[in-house]
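Each chain, written out:
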Amino acid sequence: MKQSALRATSDKTSAHFDQHDWASAYCNVDQELKNVPLTTIKGSIPKELFGNLYRNGPGKLERNGQWVHHPFDGDGMIVSICFNNGDVTLSNQFIRTEAWEEEEKAGKFIYRGVFGTQKPGGPIANAFDLRLKNIANTNVIKLGDQLLALWEAAGPHALNPSTLETIGLSNLNGVLKKGESFSAHPRFDPGHHDRPRMVTFGVKTGPKSTIRLMEFATEGVAAGQLISDRKDNFDGFAFLHDFAITPNWALFLQNAIDFNPLPFILGQKGAAQCLKSNPKDQAKFLLIPRDCGAYAGQAPRIFNAPKGFVFHHLNASEKDEEIIIESIYYKDFPSIKPNEDFRKINFDSIPEGILKRCHISFSSNQISITNLSKQCCEFAMVNPLYQGLKANYSWMAVAERAEGNGPLQSIKKLNLNTLEECFWSASPRGFVSEPIMIPNPTSKSEDEGWVITLVWNGARRATDLVILNASDLSEQAILEFPIAIPYGLHGNWVSSNPPKQ
Ligand SMILES: [Fe+2]
C-alpha cells in the first residue's frame, strides 16, 4: 500500500474495497522471525512505550493444496512486537501443538476443524472422528511467568515469553483437569479489590451447562496462582465465547442457540456449523457473584436477554441497582456454510455486529436496550484501567460503511456518553485488526495513550504496524513488517519497566 492510502477520515459514505486485496491476507506464514528490527516509515515511536504487544491468530491456512474451511480453523501463531526506548523488533512463532507437529510431519490435514475444515476423503473419512484439534489460535496472555496461548475448547499452551518457544499444554499447576476447557477471553480486573486479578472461566456444555469461574493473582509472588474458584449449573446449552466483569459480578450472555451434533458426527459439518440461533428460545443473562465481591457465596441471578447472537462484550459496570453491559449483537450466528469459500464471501449475505448497551435492573427485574451505533464493528475495548467500571471512551475496529456489513477498515473512537465518533481509516487498500489501547503511564486522563493495530496492506501484500494517538486517532507511527501475517484474533499488551536512568 502506498502511504497515501493510509488516511484519517470521517467520511463514511464511500464503501469501496477490492475483494482480492481483502482476501490476499489469507496466506500461510512461512517464516519465523526472531527480534528483527522494524522499519519506521512514518512518524516516531513513543518513548514511553516499554513492553510487548503479543498477538495470536491463524498462521497456517493451507496444507497440501487444501484450504481450511474457515480461518478460525488455522493453526495458532504468536506475534510479539517488542518496544524498547523507541526501538521496535518483531518475532513470530507457531505454537507447537501436538496436532501441528503431526500435520507438519504428514504434510496434510489429519484432524477436522471445529469451523468446518475436513480431513481429505469426504464425509466417510470424517464420520465418527470426534477428536478436538487444539489449535491454540485465539488469544495470548501473560499469567505469572508464562505466556499462554488460548483456545476456548481445551487447555492453554504455555510458551516462553522471550523466545516464544512452546513449553507445552499446561494444566496451570493442577488447576485444570485433562481436556478441561479454558476460555480464550479472560478479563483483567485492574484492582477493584486491592490487587489486580485475572478473571476467567471454563464451560462444560450439554442439556445442562456448568460454568467454572476462576480468578488468578497477577502480581507478586502469588502471580499465576488460583485464588478463587466456583462452579454453577444452568439449564440449556451454553455457547459462551466471552463474558464481562464488574467489581461484584461476572456476566455471561447465554445465546438462544441450538446445537444439533448429527451432521458433525456423520462427517458432514464441523461442530460450530451445527450451531443455529433459535428465535423461539429466550437468551439469558447469567450473573455470577464474584467471590471477592459483596454477593460472594450467593446464587447466580438470571435475567432475560435481548434477541440476537453475541460473541463479544465491550465492558460492564454497576450503578445503584443496575448493571450496564455493552455488547456486539448479530442477528444470527454467522458461519461459513459447507460449500462456501470464505475468501469469496459476500459481506452483504452475513449479519453485521452492532454495539448495544443493555441496562439490567435488579429492582424491576427488567432490561432495556439501546443501540450505540449503526456501524458494523468488532474487537471493541475500553481503557484497561476502566475494566468493570463506567468508561467514557471505547476503541474498536469498524467497517468503512456507515451501515451494513463490510471488512474492517477503520479504527473508531466512540464517546460512550455523547456517542461522538472519530476515525482513522486504512481504506481503500488497508484492513485493520483488533485495536489495543495502551494507556499513557504518565497521564491520568482516560483517553491519553496509544492505539496499536496490525493493518493488512493490500497494495504491499504484507502487514503494517500502525500506532495512533488514542485521544484523537492521529497517526503516531507506521512501521512495515517484512512478512505477511493473516488477520489475527486477539492479543494483549504486557508492559515492562523502563530502564533506570
Ligand atoms: Fe473473541
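For clarity, every value in this text was computed on a predicted model and none was experimentally measured.

1. Focus: the overall build of the protein chain
If you tally the helices and strands in the protein chain, you get four helices and 35 strands. Here the protein chain has a C-alpha radius of gyration of 22 Å; the compact-globule value for 501 residues is 23 Å, and the two agree. Along the first, second and third principal axes, the C-alpha atoms of the protein chain reach 60 × 55 × 50 Å. For the protein chain, long-range pairs separated by at least 24 residues make up 59% of all intrachain contacts whose partners lie at least 6 apart in sequence.

2. Section: the sheet that holds strand S23 (residues 322-330)
The four strands are arranged S22-S23-S24-S25 in an open sheet whose pairing can be described as antiparallel. Of all the strands in the sheet, the pair left with one neighbour each is strand S22 (309-319) and strand S25 (367-371). Within this sheet the neighbouring strands show an average axis-to-axis angle of 25°, counted without direction.

3. Focus on the nonpolar core
The tendency in soluble globular proteins is for nonpolar side chains to be buried side by side. Counting 124 residues, the largest nonpolar core has Ile78, Ala250, Leu251, Val451 and Leu468 as its most contacted members. With near-sequence residues (within four places) excluded, Ala250 lies in contact with Val199, Leu213, Phe243, Ile245, Ile288 and Arg290.

4. What to know about the confidence of the model for the protein chain
For the protein chain, per-residue confidence averages 92 on the pLDDT scale, and 96% of positions sit at 70 or higher. Confidence over residues 1-14 falls short of pLDDT 50; this stretch has 31 contacts with residues more than four positions distant or in other chains.

5. What about the sheet that holds strand S9 (residues 146-150)?
The strand order S8-S9-S10-S11 describes an open sheet built from four strands, whose pairing is antiparallel. Of all strands in the sheet, those bounded by a partner on one side alone are strand S8 (139-143) and strand S11 (166-169). Pairs of neighbouring strands in the sheet enclose a mean axial angle of 25°, with direction left out of account. For S8 and S9, the ladder comprises five bridges, and the chain directions are antiparallel. Bridge assignment links Leu143 to a residue of S9, and that residue is Gln146.

6. Remarks on the environment of Pro435
Within the fold, Pro435 resides in the loop between strand S30 (430-432) and strand S31 (436-439). With 27 C-beta atoms counted inside 10 Å, the residue Pro435 sits in the buried group. Sequence separation between Pro435 and Met381 is 54 residues; the distance between their C-alpha atoms is 7.9 Å. The contact partners of Pro435, leaving out residues within four places of it in the chain, are Phe379, Trp395, Met396, Ala397, Ile411, Val451 and Thr453.

7. A look at the pairing of strand S3 (residues 51-60)
The side chains of a regular strand alternate, residue by residue, between the two faces of the sheet. With respect to burial, S3 is a largely interior element, nine of its 10 residues being buried. Summarising the sheet, S3 and strand S35 (residues 491-495) pair through five bridges and their orientation is antiparallel. Counted as the bridge partner of Arg55 is Gly491 from S35.

8. Examining the pairing of S31
Alternating residues of S31 divide into Ile436 and Ile438 and Met437 and Pro439, and every residue in both groups is buried. Both S31 and strand S32 (residues 449-457) contribute to a ladder of four bridges, which runs antiparallel. Bridging from a neighbouring strand, Ile438 pairs with Trp450 of S32.

9. Focus on the environment of Lys60
Examined against the element boundaries, Lys60 turns out to sit in strand S3. Overall, Lys60 belongs to the buried group, with 23 C-beta atoms counted inside 10 Å. What Lys60 contacts, discounting residues up to four positions off in sequence, is Asn28, Gly74, Asp75 and Phe94.

10. Focus: unusual backbone geometry
Ser427 connects to Pro428 through a cis peptide bond whose omega is 5°. Examined against the element boundaries, Pro428 turns out to sit in the loop between strand S29 (421-425) and S30. Even without being glycine, Leu419 reaches a positive phi, approximately 65°. Within the secondary structure, Leu419 is located in the loop between strand S28 (408-415) and S29. On the basis of neighbour counts, which here come to 11 C-beta atoms within 10 Å, the residue Leu419 falls in the exposed class. Phi is positive for Leu473, which is not a glycine, with a value near 60°.

11. Focus on the environment of Cys377
Mapped onto the secondary structure, Cys377 falls in strand S26 (residues 377-381). Since 24 C-beta atoms lie within 10 Å of it, Cys377 is described here as buried. Taking C-alpha positions, Cys377 is 33 Å from Arg230, a pair spaced 147 residues apart along the chain. Not counting residues up to four positions away in its chain, the partners in contact with Cys377 are Ile328, Gly353, Leu355, Met396, Ala397, Val398 and Lys412.

Each value, and the rule that gives it
Residues numbered from 1 in each chain as written. Predicted model: local features only at pLDDT ≥ 70, side-chain atom pairs only at ≥ 80, totals over all residues. Helix = DSSP H or I, 4+ residues; strand = E, 2+ residues; numbered from the N terminus. Rg over C-alpha atoms; globule rule 2.2 N^0.38 Å. Contact = placed C-beta atoms within 7 Å. Pairing = 2+ DSSP bridges. Axes fitted to C-alpha atoms, helices over the stretch in contact; angles between N-to-C directions. Core = buried A, V, L, I, M, F, W, Y, C linked by C-beta atoms within 7 Å. Buried ≥ 20, exposed ≤ 12 C-beta atoms within 10 Å, placed from the backbone. pLDDT = per-residue confidence, 0-100.

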